[in-house]
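# Coordinate inspection notes
Here is how the chains run, residue by residue.
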Amino acid sequence: MKEKEAQINHDVHPLVLYVEKEDGTYGRLETASFLSKNYLDDYFDKVRKWDAELKEKLDKGEISPVYYYMIMLEMGEGDLASRVGISKWKLRRHLKMKAFEKMNLRMLRRYADVFDIPVSNLLHFTVIKEKDQHKLKITYQKATSNPYISVSKIETV
Amino acid sequence: MKEIDFEHKMAAHCESGTVTALLNHGGLEITEPMIFGIASGIFFGYFESSVFSFPMFIVRNKPGSIRKNIIKRLGVNFYTRSFRSQEKGIEELDSLLAEGRPVATQVDFYYMEYMPEYLRTHMNVHFINVIGKNEKSYLISDSYYKEKAELRTELLHKARFVGGNMAPKGFLFYPVSIPENIDFEKAIRKGIKKAAHDMIKLPVPFVGVKGIRKFAKKVTGWPDLARDIDHLSHEIMKINVFLEDQGTGGAGFRFLYATFLQQAAQKINDAQLEGMSKRMMAIGDDWRNISYFAARIGKNRDLGESRLDELSQMIYMMADKEQEFFTELYKMVK
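Residues numbered from 1 in each chain as written. Chains lettered and ligands numbered in written order. Predicted model: local features only at pLDDT ≥ 70, side-chain atom pairs only at ≥ 80, totals over all residues. Heavy atoms only, no water.

## Let's talk about the environment of B:N129
Residues and elements named next belong to chain B. For clarity, the cut-off: Helical segments are the DSSP runs of H or I of at least four residues, strand segments are the runs of E of at least two, and each set is numbered from the N terminus. Remark: exposure states derive from per-residue accessible area (1.4 Å probe, protein chains only) relative to the maximum for the residue type, with buried under 20%, exposed over 50%, and partly exposed in between. Note on contacts: a residue pair qualifies if any of its non-hydrogen atoms lie within 4.5 Å across the two residues. Here a polar contact is taken to be a pair of N or O atoms separated by no more than 3.5 Å, where protein atoms must pair a possible hydrogen donor with a possible acceptor and residues adjacent in sequence count only if both atoms sit in side chains.
Here N129 lies in strand β6 (residues 126–133). When its relative accessible area of 1% is taken as the criterion, N129 is described as buried. Discounting residues that sit within four places of it in the chain, N129 has contacts with F6, T18, A21, L22, V103, A104, L139, I140 and S141. Only 3.5 Å separates the side chain of N129 from the backbone oxygen of T18, close enough to count as a polar contact.

## Re helix α9 (residues 229–245) of chain B
Residue and element names in this part refer to chain B. Keep this limit in mind: Helix span is expected to be 1.5 Å times the residue number reduced by one.
Here α9 contains 17 residues, and its C-alpha end-to-end distance of 23 Å stays within 8% of the 24 Å for a straight helix at 1.5 Å per residue. When you tally the buried positions in α9, you get 16 out of 17 residues, the bulk of the element. With a side-chain oxygen lying 3.1 Å from the backbone nitrogen of D230, the N-terminal cap of α9 falls on D228. G247 lies just past α9 and shows a positive phi near 65°.

## A few points about the domain arrangement of chain B
We apply this condition: Boundaries of every domain are those given by an automatic assignment or by a domain database.
Taken domain by domain, chain B consists of domain 1 (2–30 + 77–177) and domain 2 (190–333). One C-alpha centre belongs to domain 1 of chain B, the other to domain 2 of chain B, and the line joining them spans 29 Å.

## A few points about empty space enclosed by the protein
Cut-off, in case you're wondering: Here a cavity denotes a set of grid points, spaced 1 Å apart and computed over the protein atoms alone, in which a 1.4 Å probe fits but from which it cannot get out, and a pocket denotes an open set meeting protein on both sides within 12 Å along at least five of seven lines; residues with an atom within 4 Å of a point are reported as lining. Grid points are joined across faces, edges and corners, and a volume is the space filled by probe spheres set on the points. Three categories are distinguished: nonpolar for Ala, Val, Leu, Ile, Met, Phe, Trp, Tyr, Cys and Pro, charged for Asp, Glu, Lys and Arg, and polar for the others, with Gly belonging to the last.
Considering all chains together, one arrives at 2 cavities of 30 Å³ or more under this definition. Taken together, the elements giving at least two residues each to the lining of the largest cavity come down to β1 (14–20) and α2 (34–60) of chain A together with α9 of chain B. Per-element accounting of the lining of the largest cavity gives the leading share, 3 residues, to α9(B). Quantified by volume, the second largest cavity comes out at close to 30 Å³. Every residue lining the second largest cavity is listed: B:D198, B:M199, B:I200, B:K201, B:L202, B:V204, B:V207, B:G208, B:V209 and B:K210. Breaking the lining of the second largest cavity down by element, the ones donating at least two residues are α6 (184–200) and α7 (208–218) of chain B. The residue makeup of the lining of the second largest cavity, split by class, is 6 nonpolar, 1 polar and 3 charged.

Structural data, given as structure tokens:
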């Protein structure tokens, strides 16, 4: 690939490509991601759509919050199970409400740790209306050293 | 911040980038492509496993092999260690930093907070150099980030001691000694021979050029595995991500390998390799076309049977080209 064709300006996602320079030698070029530059909106549209669809299914009790986070974080069942430290078979049961509702708090916490969220987020979503999103944002704070108790702060941007 | 004097430079790939930077720091002048090529970094594999949320392919050899092959072929001696105890792993890293030694460590990419959020996925085989520390954070030299970055202490600890597939276990390494005289000709030929061998001769149906063919065959069945058209589009567009954006130097490491062949040709004065380098660049351009194609049809949701057939044919073609290429390359260094 020629150096000229590879040059992309996009600060968010820089990367290094190896390209053909004017003098015919090959070498490194600091440029940026073609995909991030051109198709990122499409990706965010998809994520929003999945989020809405999955939350609707959660509403109806067709899936469990574990399934929701697994899909949103694009984790494989085998990987998630081994991070949580349970068998794949057990994980698959936790994807449905029937087994999810029998889970104890400690198990819930193990999932929360892997998903990198407060435990309460497995049972509760806080959403800011789209029209207010430029004004407000949610920041989490673990108020105490108790891992089960979290304080959600809503701040003005 | 106690900071070690360390030159930060973005690199195409995290493992070859960290190894190159550490060796440069230790006084050995060598480029990332040379490290990548001598370590037989180029590869292909197609995987279907519950470890991943969808079938995926890799375009490089196994994580860790770059360092291991460099040890073997350049005679560099690395100190390496992983930890069962988190405390010990933290303690050792901190005391090495206190000695003024930059250290590479293995992490889960997800916790690299300085990266844009949408890029951060759980991936346990990311490598970074740690080059400083204060009470609250570590200073990181990450091949994928423009500048040196600060990472909160607890996040680096999490990233180093997370569980899951290929868990990092706090793995760390740094070069202990670098030999004065390195036989580059031997190292280059061995590196090429192993890479070419693994691309064409491994008796495993999903790696090397066989892996490329498997990918070509399987991709037409992806619609059956996807939840819906948007999910399919996302996975098809990830072909572009795997080839271009996940630290490959472009075209699934093919550009990086072409650069290696050119630099190797000059180093050992071998005109044949120079010619092969040009051919590898052209093969890279073809892969890059596949990346663009995948991105475009994904974005347009143009994912009917005939379009995926077209994609499959393009990938089959790459298998033929690479088979021919690596067969010739193998003969040259045999």
